[in-house]
Every structure is written in C-alpha cells, then in structure tokens.
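Each chain is listed here by its residues.
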Amino acid sequence: MDVKERNKKYNEYVDAKVPKTKNFPTLIYAYLVGGVICMIGQGIQDILLALFPSLTLEDAGAWMLIILIFFASLLTGLGWYDRIGVFAGAGSIVPITGFSNSIASPAIEFKKEGIIFGLCVKMFSIAGPVIVNGVAISVLVGIVYLFL
Amino acid sequence: MWLMYLKVFLVGGFICMLGQILIIKTNITSARILVLFVVIGALLEAFGLYEPIVTFAGAGATVPITGFGRSLAKGAIQAVKEKGILGIFTGGLTATAGGIAAAVIFAYIFALIFSSKTKKF
C-alpha cells in the first residue's frame, strides 16, 4: 500500500470517527449565548455610565470588558465556563469572555507542572497566537495609515 | 432603551453564530477562530466599516473578539496620527492593554486559587 492510499484511508477513518457537530441547534445555542453575553456587557456599560456620569463612553467600554473578563476567569476557575462551552460552542468562544477563558483555562490546567513552566507558559497557548497576530495586524494598519 | 438591547443581542449573537458556522463547516480550532476574528475586526476597522456597527449595536460589536481587533486597529491609527512612526509600535497594544492585563492577572490569580477539575467527555 503506497503512502497516498494509506493517507486517504486514514483520513476517511478520521472523518468517520471524529464527533460531528453538524447540528443545526448548535447555531441557535451559539446565537443565544453570544447574544446574551453581549447584552450583559451592554447592561454593565449602561450601569457604569449611570453610576459615574463623568465616565466617557470609551472608558465605560474598557471597564465593561475588564468586568466581563473578571467574571469569565472566575467562572473558568469554578469550572462553570466549560459547561457553558459544551453546548454554546462559538457562543462562548467568540465574546471577550472566551478570550479570557482561553487564558485562564490552560493556566489552571497546567498549574501542576509548575508556576513558571506550567501556569505561566501554557497561559498563552491560545492567547499567544491571538496577541501575536493582533500586534502584527495593528502594526500593518499603522504603517498603511502613516503613508496615507 | 430596550430597542438598543435587542440590537446588541441580534448583532452580538450573529457574530458568534458566524463562528459556530465556521466550526461546523471546517472543524476549526478555537485558537484559529479567535485569530481570524481579531484580524477581520482590525481590517474592518481600518477600512472604516466596523465603527458604524459599534454605533449601531454598542456592546454587540465591542464584546465579541472582533471588537478586540477593532481596538488594536483604532489604537494604531490614533497613535500614528499623534506620534507618527512611534505610534505604529505603541498604538495597538496601548489600546488593548486593559483587556490583556486584566485577562492575564485574573487568570494568574484564579489559577493559583483553583485547581483543575477532571474533565469528563
């Protein structure tokens, strides 16, 4: 059996075995959970603006994200965020809470391998690519704007 | 007031649903989704297309990770206007410093407090 044929058979085997998430309801769950997280964010922002009239919209938005990140980290620590993620899929990944979860989750998971080489290194296993590519795109945008 | 919350829900949910469609169609990993959405958000902001969505839907556009990309691009553009070449390097991370620092420090604290639960799949 040559390599190509073997790879093809292997891929067919993988396709057959990998659990399928091809369910229409997951779209609705993702929509609902994502939408609700955004509404909670809007609620926090409106409460902050009402409590502190001197706050600018931009600063209220920054506070709102920090508060969401705090609760997402806490829920991740308690093991509740992953339970939401099981049925919400992208609804729990795409909001900023998912970014927070992607940092807290491996940090907690790999604590047993040590604070520095476990917790601190693995913390960025998902957030690292996001920040690297985010910085790259922001530098690119900056360069383009410099010459406009 | 309540109309605004409806808009937040519809737009925020829609952006998340796009991510779920990607998962279903391509079995994409969550890291790739996050990277892709940040880049898309930054590009839309650079072309001036994301700001109208923020005006329309508020947190519905700033809470999804595309809003993180938007902050990166917006910060870079503003910093370049104010500081020139230095702004290319300082703009993006300065604008998103709050979110990144919060995510890192809260993860650090809670990782020290909590231990991982055994996952059952």
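Residues numbered from 1 in each chain as written. Chains lettered and ligands numbered in written order. Predicted model: local features only at pLDDT ≥ 70, side-chain atom pairs only at ≥ 80, totals over all residues.

1. Examining the overall build of chain B
Heads up, the condition is: Numbered from the N terminus, helices here are DSSP runs of H or I no shorter than four residues, and strands are runs of E no shorter than two. Using C-beta atoms placed from the backbone, we call a residue buried if 20 or more other C-beta atoms fall within 10 Å of its own, exposed if 12 or fewer do, and partly exposed for counts in between. Contact criterion: two residues are in contact if their C-beta atoms, reconstructed from the backbone, are within 7 Å.
Scanning chain B from N- to C-terminus turns up six helices and zero strands. Ordered by position in the sequence, the α and β elements of chain B form the string α-α-α-α-α-α. Along the three orthogonal principal directions, the C-alpha set of chain B runs to about 50 × 35 × 35 Å. Looking at the 121 residues of chain B, the share that counts as buried comes to 51%. In chain B, the share of contacts with a sequence separation of at least 24, taken over all contacts with a separation of at least 6, comes to 60%.

2. Some words on the packing of helix α2 (residues 24-51) of chain A against helix α4 (residues 81-88) of chain A
Residues and elements named next belong to chain A. Which entries qualify depends on this criterion: Fitting a line to C-alpha atoms yields each axis, with helices limited to the stretch in contact; the angle taken between N-to-C directions then spans 0 to 180 degrees. In these notes the angle categories are as follows: under 35 degrees is roughly parallel, over 145 is roughly antiparallel, 65 to 115 is roughly perpendicular, and the rest is oblique. Put simply, Ala, Val, Leu, Ile, Met, Phe, Trp, Tyr, Cys and Pro go in the nonpolar bin, Asp, Glu, Lys and Arg in the charged bin, and everything else, Gly too, in the polar bin.
The contact between α2 and α4 brings their axes to 8 Å, and the two run at 140 degrees. If you check the angle between α2 and α4, you find them oblique. Contact residues: Tyr29, Ala30 and Val33 in α2; Ile84, Phe87 and Ala88 in α4. Its residues placed into classes, the contact of α2 with α4 shows six nonpolar, no polar and no charged.

3. Regarding unusual backbone geometry
One non-glycine residue, Asn27 of chain B, lies in positive phi territory at about 50 degrees. Take Asn27 of chain B: it is sitting in the loop between α1 (2-26) and α2 (30-46).

4. Points about the environment of Leu75 of chain A
All names here are of chain A. When you line up the elements, Leu75 lands in helix α3 (residues 57-78). The buried category is assigned to Leu75, around which 20 C-beta atoms lie within 10 Å. In sequence terms Leu75 and Ser100 are 25 residues apart; their C-alpha atoms lie 10 Å from each other. Non-local contacts of Leu75, meaning those with residues more than four positions away in its chain, are made with Trp80 and Tyr81.

5. Looking at the confidence of the model for chain B
Heads up, the rule is: Looking at any residue, its pLDDT shows the predictor's confidence there, from 0 to 100.
The predicted model of chain B averages 92 in pLDDT, with 96% of residues at 70 or higher. The ipTM, which scores confidence in the relative placement of chains, is 0.92 for this predicted complex, and the corresponding pTM is 0.88.

6. Focus on the interface of chain B and chain A
Every contact between the two is made by 63 residues of chain B and, on the other side, 63 residues of chain A. Secondary structure elements with two or more residues in the side of chain B that touches chain A: α1, α2, α4 (59-62), α5 (65-83) and α6 (85-113) of chain B. Residues belonging to the side of chain B that touches chain A are distributed by class as follows: 45 nonpolar, 17 polar and one charged.

7. Quick look at the packing of α1 of chain B against helix α3 (residues 50-57) of chain B
Residues and elements named next belong to chain B. In the contact formed by α1 and α3, the axes pass within 8 Å of each other and the chain directions differ by 140 degrees. The angle between α1 and α3 falls in the class oblique. Between α1, through Lys7, Val8, Val11 and Gly12, and α3, the contact on the second element is made entirely by Ile53, Phe56 and Ala57. Of the residues in the contact of α1 with α3, the class split is five nonpolar, one polar and one charged.

8. Some thoughts on the environment of Gln20 of chain B
For Gln20 of chain B, the location among the structural elements is in helix α1. Looking at Gln20 of chain B, the number of C-beta atoms within 10 Å reads 25, which means it is buried. Residues Gln20 of chain B and Lys83 of chain B, 63 residues apart in the sequence, show an inter-C-alpha distance of 40 Å. Contact partners of Gln20 of chain B, with chain neighbours within four places excluded, come to Thr26, Leu27, Ala30, Gly89, Ala90 and Gly91 of chain A.

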